[in-house]
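Results of the structural survey
Chain by chain, the residues run as shown.
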Amino acid sequence: MSRALILTGGGARAAYQVGVLKGISAILPRSVYNPFPIICGTSAGAINALSIAGRAGPFRLRTKKLEAIWHDLHASDVYRTDFWGVTTNVFHVLASFLHSGYGIGRPISLLDNAPLRYLLESHVRFDYLDSAVANGELEAIAISAMSYGSGQSVTFFQGHDSIKPWTRARRRGEKTTITIDHLMASTAIPSLFPAVSIDNSYYGDGAVRQLKPISPALHMGARQLLIIGVSDNATSKPTQNSADHAPSIAQIVGHMFNSAFIDSVESDLETLRSINRLANAVPESLRVNNGITDLNPIEVLSISPSQSIDQIAKDHIDELPRSLKLFLRLTGANAQGGGTSAASYLLFEPGFCRKLMDLGFQDAVAQQADIEQFFSDK
């Protein structure tokens, strides 16, 4: 029964996933190389996915190297934060509004994420993926992006020949050799980071049109799913706060980001659990006799933050570079404007990332019994 790791998007919030992975590696035996034959990632989750899959050595060593990157990460390692870099990109965006042909031939965005490309090229060993598949360590690695041309969610995967491409409503799986361009495309948040050209088509952040984030793992044969999300909706109680002003731009953008990066995962997980209840209610003999061979229970373990990430972001928002704080303040991305949720996606700073990694590690340890049961031989 193939086991899959699913890492969702979420910008800087993906530091939480690193803490969970560290906790899992501490629970599993040191000798384990890769406990996940199938690894799926989207947006920032794709960075963590390829950092695990695209490196040799025991799982505990891989997670330590991934932790080292996030431990000392700064916003300037992900996108340009100097005043010249920020203002130049803002000028390009404004110019594209005034002249329809200004952006033709070059993707326009508010931020320049060239530093991220350099960081990933120096860390992820894309050439190791073929070796991992060949030696049986990995069945498939998949990352998702959105096609600006077709509007489809495209899952680029590299793996065994037995795994075939698929096509469903508004989404498809495409077998390929994964490169830095695929990873940059998956992390290209619309308007914030530039779109990436792959085979004469432009792609952006995979979370935007990913209506079924769990489905790629199932298409590739997974029957056990470990999902690490970045939403605290399961533990926080929704509140209706009164306000004496209209929502700020950042507050609106924050809800849009949450809709893209969080809501679809939670919705898909609810659907899967409903299907599991149905599958468990129908005897296996009855399913076989009626030719219902694809209705089988899927084992799921979902780990998500036990504390509010928005609240943690509020405590660390001053860590952002001055240039970005000025820009975010103008859009209301602060505690007063109610836009800390939007700011949390860009808060690639040590204090915030370390806090999320610590939280992820604690949450994994708190679910040690569930994790051990998930990895036990059934």
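For clarity, every value in this text was computed on a predicted model and none was experimentally measured.

The next subject is the packing of helix H1 (residues 15-27) against helix H3 (residues 59-71). Contact geometry of H1 with H3 gives a least axis separation of 9 Å together with a crossing angle of 155 degrees. Accordingly, the angle class assigned to the pair H1 and H3 is roughly antiparallel. Like other packed secondary-structure pairs, H1 and H3 cross with a definite hand, here left-handed. In contact with Ala 15, Val 18, Leu 21, Lys 22, Ile 24, Ser 25 and Ala 26 of H1, H3 contributes Phe 59, Arg 60, Thr 63, Leu 66, Glu 67 and Trp 70.

Residues Ile 39, Leu 50, Trp 70, Tyr 79, Ile 141, Phe 193 and Leu 226 are the most contacted members of the largest nonpolar core, which totals 80 residues. Apart from the residues within four sequence positions on either side, Phe 193 is in contact with Val 78, Tyr 79, Ser 109, Leu 111, Asn 113, Thr 187, Ala 188 and Leu 346. Residues Phe 157, Trp 166, Ile 227 and Leu 269 belong to the second largest nonpolar core, which totals 19 residues.

Residue placement: Arg 55 occurs in the loop between helix H2 (44-53) and H3. Buried and without a salt bridge, Arg 55 has Asp 127 as its closest oppositely charged side chain, separated by 9.7 Å. Here the side chain of Arg 55 touches His 123 through a polar contact of 2.8 Å, landing on its backbone oxygen. Apart from residues lying up to four places away in sequence, Arg 55 is in contact with Arg 62, Lys 65, His 123, Tyr 128 and Glu 137.

Conventions adopted
- Residues numbered from 1 in each chain as written.
- Predicted model: local features only at pLDDT ≥ 70, side-chain atom pairs only at ≥ 80, totals over all residues.
- Heavy atoms only, no water.
- Axes fitted to C-alpha atoms, helices over the stretch in contact; angles between N-to-C directions.
- Helix = DSSP H or I, 4+ residues; strand = E, 2+ residues; numbered from the N terminus.
- Parallel < 35°, antiparallel > 145°, perpendicular 65-115°, else oblique.
- Left-handed = near helix turned anticlockwise from the far one by under 90°.
- Contact = heavy atoms within 4.5 Å.
- Core = buried A, V, L, I, M, F, W, Y, C linked by side-chain atoms within 4.5 Å.
- Buried < 20%, exposed > 50% of the residue type's maximum accessible area, 1.4 Å probe, protein only.
- Lys, Arg positive; Asp, Glu negative; His and termini not counted.
- Salt bridge = Lys/Arg side-chain N within 4 Å of Asp/Glu carboxyl O.
- Polar contact = N/O pair within 3.5 Å; in protein donor to acceptor, adjacent residues only side chain to side chain.

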